[in-house]
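Given next are the chains, with one letter for each unit.
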Amino acid sequence: MLVKDIMTKNVITVTPDTSIEEVGRLLKTKRINGVPVVNPSNEVVGIATMTDILRIVGQYFSWYETDLAYALTEADKAIRLKKLRENYLEELRKKTVSEIMNTLLITVKEDDRIEEVMNLMFNHNIHT
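Please read all numbers here as calculations on a predicted model, not as lab measurements.

1. Examining the overall build of the protein
The helix and strand inventory of the protein stands at 5 helices and 2 strands. Reading the protein from its N terminus to its C terminus gives the helix and strand order α-α-β-β-α-α-α. Looking at the protein residue by residue over its 128 residues, the buried ones come to 26%. Of all intrachain contacts in the protein linking residues separated by at least 6 positions in sequence, the fraction that spans at least 24 positions is 58%.

Printed below as a string of structure tokens:
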């Protein structure tokens with residue numbers, strides 16, 4: 001079996017200036033794990049995955065835990081949590097795919113055998 005036998009032909013792509021918020025929404029609504037990032041010439045320059053987005057979310061959770069450690073009361077915690085959410089959403093709106101995308105790409109051709117691609121993905125710990 002060849003790559004062309006199972007590959008998606010109408011690929012959803014984004015550009016480096018697409019917001020991370022928009023990519024997250026796209027991944028969720030299309031139920032996909034990642035999208036190629038293309039330049040104006042439609043050349044692939046990177047990939048953005050759910051893992052890349054979760055890495056950003058993880059940073060905010062870390063800051064949240066640190067900030068809450070200084071909260072004295074439950075009311076203070078609630079205020080800090082609300083502020084953190086506002087800051088998180090604002091930062092997410094400012095960030096673009098170019099800040100999180102992976103540019104070290106391994107690509108395959110449509111005539112490559114699936115077995116070779118599977119070995120490549122396994123050996124390089126690639127899931128998207």
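2. A short note on the environment of isoleucine 12
Assignment of secondary structure puts isoleucine 12 in the loop between helix H1 (3–6) and helix H2 (20–30). Put simply, isoleucine 12 and leucine 26 are 14 residues apart on the chain and 9.1 Å apart in space, counted from C-alpha to C-alpha. With residues near it in sequence (within four places) discarded, isoleucine 12 still touches Leu26, Lys30, Ile32, Val35 and Pro36.

3. Here's the deal with the pattern of salt bridges
Under the criterion given, the structure shown has 5 salt bridges. The salt bridge involving glutamate 99 is made with lysine 95; its shortest N-O contact spans 3.6 Å. We note a salt bridge from glutamate 115 to arginine 113, for which the minimum N-O separation is 3.3 Å. We classify glutamate 115 as partly exposed; its relative accessible area is 39%. When its relative accessible area of 40% is taken as the criterion, arginine 113 is described as partly exposed.

4. Concerning the nonpolar core
Core analysis: the largest hydrophobic core is formed by 16 residues, its most contacted members being Val14, Val23, Val35, Val37, Ala48, Ile53 and Val97. Sorting the residues of this core by element identifies H2, strand S1 (34–38), helix H3 (50–68) and helix H4 (74–94) as the ones contributing at least two each. The leading source of residues in this core is H2, at 4 residues. Residues within four places of valine 23 in sequence aside, it is in contact with Val14, Thr18, Val35, Ala48, Ile53 and Val97.

5. Some details on the pairing of strand S2 (residues 44–49)
Side-chain positions along a regular strand alternate between the two faces of the sheet. Inspection of the sheet shows S1 paired to S2 by 5 bridges, in the antiparallel sense. Of the residues in S2, the one forming a bridge with valine 35 is alanine 48. What sits between the antiparallel neighbours S1 and S2 is a turn of 5 residues, in which asparagine 42 has the positive phi angle 65 degrees.

6. Focus: the environment of isoleucine 20
Structurally, isoleucine 20 is set in helix H2. Accessibility expressed as a relative area gives 1% for isoleucine 20, which makes it buried. Ignoring sequence-local partners within four residues, the contact set of isoleucine 20 consists of Ile53, Leu92, Lys95, Thr96, Val97 and Ile100.

7. Looking at the environment of leucine 26
The residue leucine 26 is located in helix H2 in this model. Classification of leucine 26 as buried rests on a relative accessible area of 15%. Those residues in contact with leucine 26 that sit more than four places away from it in its chain are Ile12, Val14, Arg31, Ile32 and Val35.

8. Quick word on unusual backbone geometry
With a phi angle near 55 degrees, arginine 31 is a residue other than glycine that sits in the positive phi range. Within the element layout of this structure, arginine 31 appears in the loop between H2 and S1. Although it is not a glycine, asparagine 125 sits at a positive phi angle of roughly 55 degrees. Given a relative accessible area of 72%, asparagine 125 falls into the exposed group.

Quick notes on the rules
Residues numbered from 1 in each chain as written. Predicted model: local features only at pLDDT ≥ 70, side-chain atom pairs only at ≥ 80, totals over all residues. Heavy atoms only, no water. Helix = DSSP H or I, 4+ residues; strand = E, 2+ residues; numbered from the N terminus. Buried < 20%, exposed > 50% of the residue type's maximum accessible area, 1.4 Å probe, protein only. Contact = heavy atoms within 4.5 Å. Salt bridge = Lys/Arg side-chain N within 4 Å of Asp/Glu carboxyl O. Core = buried A, V, L, I, M, F, W, Y, C linked by side-chain atoms within 4.5 Å. Pairing = 2+ DSSP bridges.

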